[in-house]
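These are the residues of each chain, in order.
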Amino acid sequence: MPSLFSNIAQNLELTAAAKKIFSYLLKAAILILAFAFIYHQFLNKNQNLHQFEVLISRISGNQVIITLSVVILLMGVNWLLESLKWQYLSRRLANISVWEAIEAVFCGLTWAIFTPNRVGEYGGRVMFLPNRKRVHGVFAMAVGSFAQNVITNLTGLLATVWFLYYFSIVNNWIVLGIAVLSFFFLLLLMVFYFNIKWLVGLLNRVKFLRKYHRFFDIMGRYNFKELLVVIGYSLARFFVFTFQYYLVIHLLLPDIHAVEMIITVVVFIFIQSALPSLDLLDIGVRSFTAAHLFLYITNQQIAIIAAVSAIWLINLIIPAILGSVFVLKLKFFDRTA
């Protein structure tokens with residue numbers, strides 16, 4: 001738990017100076033781990049980005065500059081939307097400004113790259129909340145993650161059904177069966193999301209969890225309107241990073257049909273979201289998945305892998321590097337309420 005640092009300090013009766021030294025050591029450890037992972041993956045192993053450079057060298061310089069500028073701008077829009085969503089979710093816990101929300105989100109991205117399934121993002125983000133609200137913040141953030149998963153599953157399953165039918169990958173009756181199952185699954189998912197207080201009720205029925213009710217009851221406080229706003233932010237983010245994929249792939253492979261490309265991108269995002277991974281090792285999984293999935297619309301696997309690697313760099317690695325600045329602002333032993 002985020003408050004663990006304060007408990008350690010109290011139990012060891014650390015002096016103010018010792019706390020400051022311990023805090024500096026923790027920040028240094030986070031930054032060293034983050035940059036070690038980035039160096040290991042980006043500088044030593046990733047040849048796909050080099051291939052991307054080779055491919056764009058054959059394209060008009062102005063076209064490359066304009067496209068990549070828009071993609072980088074959209075990266076900022078993507079994380080700004082996530083920051084606004086986080087500010088909106090955390091307003092029941094603390095009044096934070098848009099800039100503080102941006103700092104928290106980018107700091108969380110730095111933590112995320114060296115933790116499995118991006119769990120470090122939770123810790124990095126909630127550390128910008130008052131000490132006594134940090135555990136609550138984990139569950140508030142879980143609501144936002146749930147909303148993003150609802151959008152990914154909704155668009156992903158619909159795109160998958162179309163993909164299977166359009167390319168005749170399986171029998172039409174099987175496609176129909178998958179469509180029916182997907183409909184009921186999505187209906188259940190939507191009902192459960194807009195009644196997330198049911199989850200609080202289920203957790204309260206577990207005896208050993210009941211005593212932690214004060215932490216997870218935050219999930220049940222969001223009403224329908226608030227949950228709708230959160231899912232709206234999630235949908236906007238989905239459109240943004242889907243468009244990023246479209247722009248980069250279209251830059252390298254302009255002859256691919258736009259609708260086919262977008263549907264395949266949505267299926268790719270859906271599959272990728274279901275695979276457990278580590279951000280820095282994730283690029284290998286992304287490349288393998290994309291290379292095989294896009295075979296249905298193009299045989300230019302190298303270009304697809306290069307495009308996916310470029311998006312990975314822009315959307316995850318650059319923000320993680322920027323977020324390292326905000327790691328220095330963390331207050332591990334903040335005692336504010």
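Okay, so let's go over this structure. (Residues numbered from 1 in each chain as written. Predicted model: local features only at pLDDT ≥ 70, side-chain atom pairs only at ≥ 80, totals over all residues. Heavy atoms only, no water.)

## Considerations on the pattern of salt bridges
The tally for this structure, following the rule as stated, stands at 6 salt bridges. A salt bridge links E82 to K85; its shortest N-O distance comes to 3.2 Å. Of the two residues, E82 and K85 both sit in helix α4 (residues 61–90), 3 residues apart, roughly one turn of that helix. The same class applies to E82 as to K85, namely buried. Of the charged contacts in the structure, one is a salt bridge between R125 and E121, with a shortest N-O distance of 2.9 Å. Taken together, the positions of R125 and E121, both in helix α6 (residues 120–126) and 4 residues apart, correspond to about one turn of that helix. For the residue pair R125 and E121, the accessibility class agrees, reading buried in each case. Taken together, the shared-partner salt bridges in this structure form one network comprising E82, K85, E121, R125 and R237. (Salt bridge = Lys/Arg side-chain N within 4 Å of Asp/Glu carboxyl O. Helix = DSSP H or I, 4+ residues; strand = E, 2+ residues; numbered from the N terminus. Buried < 20%, exposed > 50% of the residue type's maximum accessible area, 1.4 Å probe, protein only.)

## Topic: the nonpolar core
Of all hydrophobic cores here, the largest spans 93 residues; its most connected members are F52, W86, Y193, I249, L252, F268 and F294. Residue contributions to this core peak at 14 residues, all from helix α15 (residues 301–327). In this structure, I249 is in contact with P254, I256, M261, V265, F294, I304 and A307, ignoring residues within four places of it in sequence. (Core = buried A, V, L, I, M, F, W, Y, C linked by side-chain atoms within 4.5 Å. Contact = heavy atoms within 4.5 Å.)

## A few points about the side chain of H136
Within the secondary structure, H136 sits in helix α7 (residues 134–166). In terms of polar contacts, H136 uses its side chain to reach the backbone carbonyl oxygen of R132, at 3.3 Å. Non-local contacts of H136, meaning those with residues more than four positions away in its chain, are made with L93, R214, F215 and I218. (Polar contact = N/O pair within 3.5 Å; in protein donor to acceptor, adjacent residues only side chain to side chain.)

## Topic: unusual backbone geometry
Backbone geometry places S168, a non-glycine residue, at a positive phi of 50 degrees. Its place among the elements puts S168 in the loop between α7 and α8 (172–193). Given a relative accessible area of 56%, S168 falls into the exposed group.

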